[in-house]
Structures are given as structure tokens and as C-alpha cells.
Amino acid sequence: MDPVSVLADPLHKVVGGSTAKVLGEHLGLHTVGDLLHHYPRRYAERGELTRLAELPLDEHVTVVAQVADARMLRFNNGRGQRLEVTLTDGSGRLQLVFFGRGAFAHEKKLLPGSRGMFAGKVSVFNRKLQLAHPDYKLLDAESGRDTVERFAGELLPLYPACRQLSSWQIEQAVGTVLDSWEAMGWEGLADALPASLRESQGLIPLAQALRAVHRPRTRAEVADARSRLKWDEAFVLQIALARRRFAEQQLPALPRVARADGLLSAFDARLPFTLTEGQQRVSGEIFQELAGSHPMHRLLQGEVGSGKTMVALRAMLTVVDAGGQAAMLAPTEVLAQQHHRSIVEMMGDLAEAGMLGGSEHGTKVVLLTGSMGAAARRQALLDLATGEAGIVIGTHALIEDRVGFFDLGLVVVDEQHRFGVEQRDALRSKGRQPPHLLVMTATPIPRTVAMTVFGDLETSVLDQLPAGRSPIVTHVVPAADKPHFLARAWERVREEVGAGHQAYVVCPRIGDEKDGEKPARSGQRSGGQGRGGEEVADGAQEPDEERRPPVAVLELAEQLSGPLAGLRVEVLHGRMHPEAKDDVMRRFAAGEVDVLVATTVIEVGVNVPNATVMVIMDADRFGVSQLHQLRGRVGRGAAAGLCLLVSEMPEASPARARLAAVARTLDGFELSRIDLEQRREGDVLGQAQSGVRSSLRMLAVIEDEDVIAEARREATAVVAADPALEEYPELRTALAALLDEEREEYLDKG
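As the structure is a computational prediction, the values presented were derived from the model and not from experiment. (Residues numbered from 1 in each chain as written. Predicted model: local features only at pLDDT ≥ 70, side-chain atom pairs only at ≥ 80, totals over all residues. Heavy atoms only, no water.)

## Here we look at the nonpolar core
Let me state the cut-off plainly: The definition of a nonpolar core used throughout is a set of buried Ala, Val, Leu, Ile, Met, Phe, Trp, Tyr and Cys residues joined through side-chain atoms within 4.5 Å. Relative accessibility decides the category of a residue: with a 1.4 Å probe and only protein chains considered, values under 20% of the type maximum give buried, values over 50% give exposed, and everything between is partly exposed. We count a stretch as a helix when DSSP gives it H or I for four or more residues in a row; a strand needs E for two or more, and each element gets its number in order from the N terminus. Contact criterion: two residues are considered in contact whenever any of their non-hydrogen atoms come within 4.5 Å of each other.
Among the nonpolar cores identified, the biggest contains 50 residues, and F235, I239, L368 and F405 are the most heavily contacted of them. Ranked by the residues each element gives to this core, the list is headed by helix α10 (residues 219-250), at seven residues. Ignoring sequence-local partners within four residues, the contact set of L368 consists of R377, A380, L381, L384, V392, I393, G394, T395, A397, L398 and V403. Counting 38 residues, the second largest nonpolar core, distinct from the first, contains V282, A315, V320 and A326.

## Some details on the side chain of H628
Worth spelling out the cut-off: Within 3.5 Å is the distance limit for a polar contact, defined as a pair of N or O atoms, with the added protein rule that one can donate a hydrogen and the other accept it, and that residues adjacent in sequence qualify only through two side-chain atoms.
Turning to its location among the elements, H628 is positioned in helix α21 (residues 624-631). Here H628 falls in the buried class, since its relative accessible area comes to 5%. Polar contacts involving the side chain of H628 include one to the side chain of R631, which spans 3.3 Å.

## Considerations on the sheet that holds strand β19 (residues 595-598)
The following threshold applies: Should DSSP find at least two bridges between two strands, the strands are regarded as paired. Between N-to-C directions, angles cover 0 to 180 degrees, with each direction set by a line fitted to C-alpha atoms, over the stretch in contact for helices.
The six strands are arranged β16-β21-β20-β17-β19-β18 in an open sheet whose pairing can be described as parallel. Either end of the sheet is taken by a strand with one partner, and the two such strands are β16 (472-478) and β18 (569-572). Pairs of neighbouring strands in the sheet enclose a mean axial angle of 20°, with direction left out of account. Pairing between strand β20 (residues 611-616) and strand β21 (residues 641-647): four bridges, direction parallel. Bridging from a neighbouring strand, M614 pairs with C643 of β21. Together, β17 (502-506), β18, β19 and β20 form the strand contacts of helix α20 (residues 578-589), whose direction differs from that of β18 by roughly 140°. Along the sheet face, α21 touches β16, β17, β20 and β21 and points at about 150° away from the line of β20.

## With respect to the pattern of salt bridges
Selection rule: Definition used for salt bridges: Asp or Glu carboxyl oxygen within 4 Å of a side-chain nitrogen of Lys or Arg.
Going through the model one piece at a time under the given rule, you end up with 32 salt bridges. In this structure, R93 and D69 form a salt bridge, with 3.9 Å as the shortest nitrogen-oxygen distance. Placement of R93 in strand β4 (residues 93-99) and of D69 in strand β2 (residues 60-75) is noted, with a sequence separation of 24 residues between them. A relative accessible area of 53% means that R93 is categorised as exposed. According to the relative accessible area criterion, D69 is partly exposed, its value standing at 31%. With a closest N to O distance of 3.5 Å, R298 and E285 form a salt bridge. Residue R298 is located in strand β9 (residues 297-302), and its partner E285 is located in helix α12 (residues 277-290); the two are separated by 13 residues in the primary sequence. On the accessibility criterion, E285 (27% relative accessible area) is partly exposed. Within the structure, one salt-bridge network assembled from shared partners comprises R488, E491, R492, E495 and E496.

## Brief notes about the pairing of β4
The element β4 is extensively covered by neighbouring structure, given that five of its seven residues are classed as buried. Bridge count between strand β3 (residues 80-88) and β4: seven bridges; the pairing is antiparallel. The residue bridging T88 from the neighbouring strand is R93, located in β4. Here β3 folds back onto β4, and the loop between the two strands holds four residues, one of which, G90, carries a positive phi near 95°. Pairing between β4 and strand β6 (residues 128-132): three bridges, direction parallel. Opposite Q95, over in β6, you have Q130 as the bridge partner.

Have a look at this one:
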């Protein structure tokens, strides 16, 4: 039997058409493999009662509890009836409610003292938690002797379920599959892990793990099964990434080495400061790879303001020194313009080759964006095609077919998470030979996430801030509880401006949506477009909340004419004309604007050292990492920075807990861990970003750091010895089944 056929079998062949339809439509489970990898979220024992005190509101749950009492109530002059049943487990109470004629049938079954499993969506009525018309299954003689005996001695798996399919119905479907495989002796099950690896790591066989995770007899069996299944996920992912790294290493590339008296030397000699140890170390790693005969494939990450742009610029100058060209791809026009401006300023006359007063060592640095005028665009394209321009900074406009390079030697991708693999590769394909690649991210990434998502890239980390960077103090402003705190925030802005400094005020939306259109909810990528063209924040709101619309740039700017009267206030948002945006940023950088009221267009890349205070309105609508990026715009000069997070959420809410975490630490890596733990791993490789089901169902990228690191080492060794996996047919099968083409491609998108 073909090993892949068993896992790939459609579910309807095993569990029947109706059940398979529900599993597919509501849980995304379509094959036997999908169902077997739909693991229990926890286990209950027959003698164990679920803690009712910890039930989450508005979520589908399964509880194991005992009926305390049941009573039939009549209403509507006796024409209607309602059965109310109270469950208890010693920690809390939960009410079940049934309406209509069927209530009498439930009353006869749900007798006081009976115990069962109850499934439904938790709601609140009259300040009491309740399940309306729940599914249930009694755990007594009425369930059948075999059921009672099994529940008496074994753990009870509780599965992630939905309204259409309860936990025990999923358990029955899993049981049907397991029984079918048991009868076949698990024939055709491909075990992805090589026998030598299983032995060295002390892992149980796959068949035993699947049986134990779904039908465990003891907690120890569950632990063994989880250890094995985590290794499956980690190893298959790392094999895919190791194969990509290996393939990249086989490609040819032109070595790019700086000249002793060339552009890089001239630039370094003019630097008014000393590079940090981290910048020197990372630059050394990059220079070594640029000099190699295979393409560099490196991720550069670090704290806000750690000097990533300086490192990237020195890499670009090295390539120009060697006769090549370098392209920097930025996600927005504002960021592309900012990078162009700052690089030209840092280079001075070295960026003015061919111009009066330009340096003999210099080159041209051009900007290419979609909104440029026709004449300027034609000149930029000509400079790239002839090689006159050694450096180009641009947006997606760089990827267009009409853009050609004389000799593209290095691609720098800024904010990698904003680009898909197709866009990145489209730019790389413009080189005569595969160019070197440097990916930058201003969002610190935990080591395990980097190994999982960016595992095909070598990683460099800048973990020190350059001299002269000032500390940033962050406070939460509880606007609803203490409105006078918000008034004090505006006073602090006036004080900073009075001291000669400037301020940012950040809002979640623009505020000029068309009549009848509502602003988009937060949760999309920053800088994205919602309905009505709204820019939206990248954060999670409390579920199903009835809240006022997010604070808007245009509306708040008008309101600030009161508390900030006399100050020069300007607005900046993504729907302004590019020239208007650039004009506002230039005047703000020149000190001609006191307060900039903006959306998240200022999130990365904007560098105004004189800006010392930032007020973020509705801060709870932004993600943890995004808040960290935003506040990195202040404290960039000699004066200390101040960030005020304004929120109307109650103090006990999860949203306020996120804000407290941001206020508590400036460690971006720690905050990225918190962010990941709150968003869950599904957002790393799953539907929220990639549009496909997550490949991580057992593995937790934060908790399982040791497993991921060891799996990476093992996978690298396997691929180095056998790149085509010819000696590992089962691994090839598992790679195809667990990591389909769409998921594998997503690994390259970050």
C-alpha cells in the first residue's frame, strides 16, 4: 500500500458523508491525517469534575459535571415552559436551559445526582453563566456498559469542538479511524522520523503516539505521545527549511569585496561616531558572505534604533565598490522616502556622483516609487539600466517588468513581513546571477520563532543601542477611569514643546470614511486598508465588544485646537498625496511642526531626534510589538523619551494587561514573546497570516525551544548527507502530507 494513501484518504470513506461534511466545513478537517492530528486540548477523568469557575465567556466548551437540581418553569400564561438545570463541580455552578416541548424529555434524563458531559457556548443571563440547549451525554449505565467501563479506568479526551459537532462526537469519529487502522495493523502509516533519531531521542513509534494521544490510559502515556508528536512537527518543518538553505547554497553568485580605497572606506572615514560592537560584528558576518561564491541569505534583526540601516548601507556600499548595484525594497512610500533621505544625508557628496561637487568615490542614490512623475521616473530607470545609480530605494515599483538593472548584486528587504515570497523573488530575479539577500526586520523575533519561520536564513542580531540613544519611559493613561489623566497627557505635550521638543500623536484610523461606511475593525496589518480606505491598527480587540469607533486623526486634530491651542499641529496619513506626506515629514523633521497627529505610517523608519513624546490613542487596539515599534520613534536624540498609552478599557481586561506589559519593559525580544503567547502559534504559521491551516498543532514555538533547536541540528545533518531524501521515503511522504506546497511556501514569506 502506498504510504501516503492512508493519511490522504478523504474522511467520508471512514466516518461517513454527513460527519465528514461537518468536520470539513467547520473544523477544516478533510483527510484521515487531518483528523488524527486534531489532538485533544485536555483530558478529564471520570472522577474529575471540570472547574466551572474558569469557563470562558462566548466560547464553546465541554464540561464534566454533576446535576445539582432541575426545575420546570412555565411562562406566557402557562403556554411556554423552560427547564433550568444547575450543574456543579465544587468550584462553581453552571445553568443549563431548555425551551419548548423537548424540555420534558430532558427533565426525565437530567436527574439530580446524575453526571455527564455537557457541551455548548457559554453565555450570561441574569448574571449567571449558562449553556442554552447544550448537547450532553450522561456517564452512567444509560450510556452503555462499555462506555462506563472505559470512562471508569481511562482518561477522557476533550477536543476543540464547534456548535455543530461536540467533543464526544469528534471522539467517536477518531475512534472509528483508530479502529480501522488497528484492524489493518497500522499498515501504510509513514513514520517521518528515522529510526536512529527515534532511538537517540527516546521517542515512541508514531502509531503508538497516535493511539496514546487519543486513547490514553495514563497521564504518562499522554506525555510520551506529546513528546513524539512535537518532534514530528519540528523535524518536518526544519527539514523543509534545511532543504531550502541547501538549495540556496548551491546557487552561484559573484563575490563582492570592497576596495581598500573605495566608497566604503571613504564613507567610514566620515562617520561622526563609532560603530557599536554589534554593528561591527554583524557587518563582518555580512562582508564575509558577500565575498563568497554563493548568495548570502541573511536575516538582520534588532531593537528599534539599533542601527540596522547603517549595517545595511555599509553592505550596499561594499557591493557598489565591487562594481555591482544594491536595491532596498521598502513596504510604503513614506518609509522608502525616509530611507532615501537618511541615506543621502549619511553619505553626503558620496551620493552625488556625476553632479557638481560630487565625490570621485561616489555613486548615485535614486528613489523609485509608484507616484513619481514621469520625467523623474524615466531618469531613475535610465540610471539603473546604465549602472549610473549604484543604490536604489523603492517600493513595489522596483518589481515591475520595466525596471532593469545593469548588475544587481544585493537585495535588501526592509520589514520582511510586509512582502510575499513572490515579490521578493521577483526583485532577486533581476540580477544576472542570483544576488545576495539581506532581510531586515524592526520587530524583534524570539530565537525559536526565527528558527521556525525564518529557518532558511542565517540570523544576525543587533542587541545594543548606539551611543546617544536616550531611555524611553512608558505609562498607561486610563482615560475612562481617570479622565484628568488624559488632560495631564496634553499638558505634558505642551511642556515638551515648550522645552523646544516635538511630539507625535498616533490614532488607529484616518477618519474620512465616506458617508454610510464604517471604519474597519483593528486586527489587519498596519498600513493596510479597511473599508472606506481606512488605515487600521495591528492589534486585537476584546471579542464582540460594542465600542465607540476608534479615535481618528482628522477628528482629533480638530479637537486638539483646545488643549494644544497655539501649537503648530499637522496631520499625516496614508491616503495623503505622496508629495504632501513628504512635505509634512520634511517640515516636522526641520522643527517647523510641533505636533504630528498620524496613523501608523510613522511606525518604522521615521527618524526625528527632536521628537521626545508620543501619545498613542486607543492603544489597546494595537498589538504589543506594534506599540513597541511606535514608541521607538521617540528618545532618538539626547533628551529622554516619553510614551503615553491612552486606553478606555477597564483595568482588569486582557487589553490593559497587554499595555501594562509594554509599559513594564523596553526589551523588544521579551515583548515579542508576550505577543506570540497571546496570539498563539497559529498566527505564526497558520490561517491568520498565511491563509492556510497551521502546521503547528502540538508544538509551541516558545515553550519547545529545545526541541526546535535539536530538530534543526538533526534536519541539517540529514539534508547535508542526503538532500533529495532518497534514503528516507517515509520522510518524503510525511513532508508531502504534513507540509503541503502552500504551507511550505509560507515559510519563505515570514
